[in-house]
Amino acid sequence: MSAAGADRGRRAARTAAEGAPERTPAPGRAGAGAAVRAEAADCGGEGGGSAAVRTAPAESASAGPRLPRRAWLPRADPAGKLLAAVLVAAGLIPVVDPVTSGVVLAAGLGLLPFSGLGRARLAALGVPLLLMGASIGLVNLVFGEEGPMGALGAAVRLLAIALPSMLAAVTSDPTDMADSLVQRLRVPERPAIAVLAALRLIPLLAEQWRTLGRARRARGLDSGGNPARAAAVFTGKAFALLVRSIRIGTLLAMAMDARGFAGGPRSHARLSRWRTADTALLAGTLALLAAAHAVSAAAGTWTPLTF
Amino acid sequence: MTPARGGARVELAGWGWRHSGRSRWSLRGVDLLIEPGERVLLLGASGAGKSTLLHAMAGLTGESGAVSGDEEGRLRIDGGPAAASRGGVALVSQDPETQLVMARSGDDAAFGPENLGLERAEIWARVREALEEVGFGYGPDRPTAALSGGEKQRLVLAGALAMRPRLLLLDEPTANLDRAGAARVRRVLEHLLRSSEATMVLVEHRVAEVVGDAANADEAGEAVADLVDRVVVVEPGAGVVADGEPAAVFAGHGRSLADQGVWVPGREPRPSVRPGAAGPAVIEAAGCTARAPGGIGLLGAPGAPVLHGVDAAVHPGTATALTGPNGAGKSTLLGLLAGLDAPQDGTVAPRGRLAGVSTRPLAKWPARRLARHVGTVFQHAEDQFVTGSVRDELAFAPRRAGLSEGETRRRVDELLERLRLTGLADVHPFTLSGGEKRRLSVATALSSGASHAPDVLLLDEPTFGQDTRTWRELVELLSELRADGRAVVTATHDAALLRCFTDVEIGLSGGYARPPAARSEAGAALLADRPPSARSRERSGSGPDGRNDADGAHRSPPGADADRCGERGRRRVSGRGEGERR
């Protein structure tokens, strides 16, 4: 079963398992998908078949890394994950000792097997995070007044706060995240959709950046290893990219307006569902924070933030 | 099954539009009545404000609209202001990239219905229906990023249909697509017109795409069906100057439209082209493999392979065309031949005359040297502008080459003259019109070469979106360069360019190159001298040099080109060609 198929299956299962929500009758999302695919197979012919073959490699290039949808964390409600991350930050900012943060960090690391992230992605995300923690620790060790314990506390606290936010971000599909923020947390709809639309443009702009670089080489402009000239070339490219991105943004805004985005109440094609597991995630986060503070207090290491 | 229930009635009275900050009205005094269910083709010279008129009908102008400017007169859709009928009106523009909103196809088609505030069940029923209607071959979870250009545009169309518009506005909907993608979209439109009652207004500068005519079959020999039953011609600053059935309008106004640069069936431009004398290859690509750039940062997946072991040779005095559907690797191969990118595997090396400059692989040449010998013109002209005025753009390369101010000015003036940009010397390049930008981008590439042009000129879709006047000028300029012994390489899907100005065609599909095919007698002579078997033997055997001498000089027979570009062109060309050879 392909990833997309699995995804459809999951959605279908979710719809079936939870019964019809407010008003989702038979032609749910999954049903629609199957019907359209069947239709496509029927009308196949020249276009359909060759098109499918042609775009097969493109998909692997641009669809980006797929999360295995069966992992627990990617299935959790994005708003719930964000809230949990915010709770962790709120719970750890007032304490500076390494024990309280260490307990939370350990729990966060314990979530990694459920994140569905492959080893390569974990490394790609983890290495910068560890470097950040190490440099904060080092700076505090050298220049701080709290000694080694304070430095360790600063590093561990940073990691303990950053890890949940990062997990919330990378294990959530942006569309699901926007749906959830809008429907759960009442985030204003238009900015959320605008951010989604802008996300779609990032690969376009990355491509544009490469094109601008090549175009400058074609004009005889390159840094030739000279940092001053490299800076000048960079500035020129950045300006050209800005002009282009404004142009693209304007066109996209027009297209969205033409599709009725400009005014009036919107409805939601996708229903963001809050499940027991999401409530459990929040409750668990609170319990974890309480436990972390308790353990640290019991060990006599609990240190509040002082100015 | 009908996407629209009934059509809208569009009424314009004394309507006019002026872009903010401009003194000239792009359109003025437009009086037009479009009855429900009519299919109207809106024609006019480029810059005549056709797109703006469509945007106004889509309700994008006015107080809260995305397009700002001064509006006068009256525009009513079904008796009300255009902004009020948003949702009942759908707009499909040229570039699908800037019209898709969501990451998943189904979600994107659902975007319009969501904005209309429809119930969830109704939204998905409409999405399913619309996707079927456009023959979208995938499920709704298909990532939009994984679609080809033609598929994206069909998805855009589905998104418009899902709103069940009473008025469908199409702004060159097939302009950015390759031939297969455009044909598919056109078929969907034909089908729609039979099944839907919506009023349709279409802007399309390639008229043959939408107006049926027995004599006017597309490349596949397939007759093009009528997409429109009425043609309205607008003139900048004026209003409607012609209005009626397609045949009548083209009979009465065909000449003046053609003079204004509109692609009128039967009045296509007939450039006069001169053949070149082919010589031994100056750039040779052997066994080139290339991958698309990967995703952003460490998280990105590696890029998909775009080219697989492709061979290609660039000969002076020869026009080589790289063809194939979007995504076949045309632009990638062009970038390799231009020395802008290095292949992952294989070599792109200078040969013959260019090997005399340096024998290093082209991608390793310093930019300044590369620009002097190999010029590249990008698809989007704006990408290659690096200064703030037309004059500075053209003076950029000569100054960097260390020419004196006087010599630089002389060269710049000559190029300005040659490309009809003299009056625009002090204008910012970004403010030029599309045709002017294209001419300037070609001029910048010419400005860097010794004796007024680089040895090799590579152009990515140079004729894309150009009106007949710019098109003709470009073809004639390129043909001059070829006659001067320059190598001209284009990546293109412009059938007219292939017909009028191509010696050798290298067809690409799925990253593989077909053996070069001759498109002219000169091309045939060139290819006949070097049969494919001999080429592969040479490649596996001898070193980089040596082989060039073996090629010997190539002669192009008289009248090699110009063939189907019109009799006038042919006679003139063969006369000149022979004269040159004597």
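Quantities reported herein were computed from a predicted structural model and do not represent experimental measurements.

### Re the overall build of chain B
The number of helices and strands found in chain B is 18 helices and 20 strands. Relative to its 582 residues, chain B shows a buried fraction of 59%. By element, 49% of the accessible surface of chain B is carried by carbon and sulfur atoms, the whole surface being about 21000 Å².

### Quick look at helix 11 (residues 405–418) of chain B
All names here are of chain B. Its 14 residues give helix 11 an end-to-end C-alpha distance of 20 Å, which sits within 8% of 20 Å, the value for a rise of 1.5 Å per residue. Within helix 11, the full set of buried residues consists of Thr408, Arg411, Val412, Leu415 and Leu416. Within helix 11, the buried residues cover an arc of 135° as seen down the axis, which keeps them to one side. Taken together, the buried residues of helix 11 touch helix 10 (390–400) and helix 12 (434–447). Within two residues after helix 11, Arg420 carries a phi angle of roughly 55°, on the positive side.

### A short note on the confidence of the model for chain B
Residue and element names in this part refer to chain B. Considering every residue of chain B, the mean pLDDT works out to 82; 85% of them sit at 70 or more. Contacts for the low-pLDDT stretch residues 214–224, under 50 throughout, to residues beyond four places or in other chains number 17 contacts. pLDDT under 50 marks residues 566–582. Its contacts with residues more than four places away, or in other chains, come to 23 contacts. Two numbers describe this predicted complex: its pTM, 0.77, and its ipTM, 0.81.

### Looking at the domain arrangement of chain A
Here chain A is partitioned into domain 1 (73–173 + 274–299) and domain 2 (187–258). The gap between the C-alpha centroids of domain 1 of chain A and domain 2 of chain A is 34 Å.

### Observations concerning the sheet that holds strand 8 (residues 199–203) of chain B
Residue and element names in this part refer to chain B. Pairing is mixed across the open sheet formed by six strands, whose spatial order is 6-7-8-3-9-10. This sheet does not close on itself; its edge strands, each paired only once, are strand 6 (89–92) and strand 10 (240–244). On average, each strand axis in the sheet is tilted by 15° relative to the strand beside it, whichever way the strands run. Of the strand pairs in this sheet, strand 3 (residues 39–43) and strand 8 are connected by four bridges, and their pairing is parallel. From the neighbouring strand, Leu41 faces strand 8, where its bridge partner is Leu202. In the packing of helix 4 (residues 149–161) onto the sheet, contacts are made with strand 6 and strand 7 (167–171), and the angle to strand 6 comes to roughly 170°.

### Some points on the pattern of salt bridges
Pairing of side chains with opposite charge becomes possible as their charged atoms draw close. A complete count under the given rule lists 42 salt bridges over all chains for this structure. The partner of Glu476(B) in a salt bridge is Arg472(B), and the shortest N-O contact between them spans 3.3 Å. On the criterion of helical spacing, the pair formed by Glu476(B) and Arg472(B) is a turn pair, its members being four residues apart in helix 13 (residues 468–483). Overlapping salt bridges, with partners in common, bring together Asp173(A), Asp176(A), Asp179(A), Arg270(A), Arg104(B) and Asp107(B) in one network.

### Brief notes about the packing of aromatic side chains
In the structure shown here, the tally under the stated rule is five aromatic pairs over all chains. When the ring centre of Tyr138(B) is taken as reference, the NZ or CZ atom of Arg142(B) above it lies at 3.9 Å.

### Concerning a nonpolar patch on the surface
All names here are of chain A. A cluster of nonpolar side chains, contributed by Leu138, Val139, Leu141, Val142 and Phe143, occupies part of the molecular surface with about 540 Å² of accessible area. In this structure, Val139 sits in helix 7 (residues 119–143). Judged by its relative accessible area of 46%, Val139 falls in the partly exposed class.

### Side note on the environment of Leu105(A)
Residues and elements named next belong to chain A. Along the chain, Leu105 falls in helix 6 (residues 98–111). The exposure class assigned to Leu105 is buried, which follows from its relative accessible area of 15%. Measuring from C-alpha to C-alpha, the distance between Leu105 and Val88 comes to 9.9 Å, with 17 residues separating the pair along the chain. Once you skip the residues sitting within four places of it in the chain, Leu105 turns out to touch Val156, Leu159, Ala160 and Leu163.

### Section: the sheet that holds strand 14 (residues 345–350) of chain B
Strand-to-strand pairing in sheets goes through backbone hydrogen bonds, with the strands running parallel or antiparallel. Residue and element names in this part refer to chain B. Across the sheet, which stays open at both edges, the three strands sit in the order 12-11-14 with antiparallel pairing between neighbours. Either end of the sheet is taken by a strand with one partner, and the two such strands are strand 12 (305–314) and strand 14. Taken pair by pair, the neighbouring strands of this sheet meet at an average axis angle of 20°, ignoring direction. Relative to strand 14, strand 11 (residues 283–291) runs antiparallel, the two being bridged by five bridges. Note on strand 14: the bridge partner recorded for Glu284 is Ala349. Of the strands in this sheet, strand 11, strand 12 and strand 14 are in contact with helix 7 (residues 330–337), which crosses strand 12 at around 50°.

### Regarding the nonpolar core
Leu41(B), Leu43(B), Leu170(B) and Phe250(B) are the most contacted members of the largest nonpolar core, which has 50 residues in total. Setting aside residues no more than four positions away along its own chain, Phe250(B) makes contact with Leu43(B), Val207(B), Val211(B), Val231(B), Leu257(B), Val264(B) and Pro265(B). Membership of the second largest hydrophobic core comes to 37 residues, among which are Val243(A), Leu419(B), Leu432(B) and Ala443(B).

### As for helix 3 (residues 120–133) of chain B
Residues and elements named next belong to chain B. A rise of 1.5 Å per residue sets the reference length of helix 3, with its 14 residues, at 20 Å; its end C-alpha atoms lie 20 Å apart and thus fit the reference within 8%. Looking at helix 3, one finds that the buried residues are Arg120, Ile123, Trp124, Arg126, Val127, Glu129, Ala130, Leu131 and Glu133. Residue Gly135 follows helix 3 closely and has a positive phi angle near 65°.

### Things to note about the packing of helix 2 (residues 105–115) of chain B against helix 3 of chain B
Residues and elements named next belong to chain B. At a closest axis distance of 9 Å, the pairing of helix 2 and helix 3 adopts a crossing angle of 125°. Here helix 3 runs oblique to helix 2, going by the angle between their axes. At the point where helix 2 passes helix 3, the crossing takes the right-handed sense. Residues Gly106, Asp107, Ala109, Ala110, Pro113 and Glu114 of helix 2 form the contact with helix 3, whose participating residues are Ile123, Trp124, Val127 and Leu131.

About the criteria used
Residues numbered from 1 in each chain as written. Chains lettered and ligands numbered in written order. Predicted model: local features only at pLDDT ≥ 70, side-chain atom pairs only at ≥ 80, totals over all residues. Heavy atoms only, no water. Helix = DSSP H or I, 4+ residues; strand = E, 2+ residues; numbered from the N terminus. Buried < 20%, exposed > 50% of the residue type's maximum accessible area, 1.4 Å probe, protein only. Areas by Shrake-Rupley, 256 points an atom, 1.4 Å probe, with all protein chains shown as cover. Expected span 1.5 Å × (residues − 1). Arc of directions from axis to C-beta. Contact = heavy atoms within 4.5 Å. pLDDT = per-residue confidence, 0-100. Domains from an automatic or database assignment. Pairing = 2+ DSSP bridges. Axes fitted to C-alpha atoms, helices over the stretch in contact; angles between N-to-C directions. Salt bridge = Lys/Arg side-chain N within 4 Å of Asp/Glu carboxyl O. Phe/Tyr/Trp six-rings, centres within 6.5 Å; stacked < 30°, edge-to-face > 60°. Lys NZ or Arg CZ within 6 Å of the ring centre and 35° of its normal. Patch = residues over 30% accessible without salt bridge, like charges linked within 9 Å, V, L, I, M, F, W, Y side chains within 5 Å. Core = buried A, V, L, I, M, F, W, Y, C linked by side-chain atoms within 4.5 Å. Parallel < 35°, antiparallel > 145°, perpendicular 65-115°, else oblique. Left-handed = near helix turned anticlockwise from the far one by under 90°.

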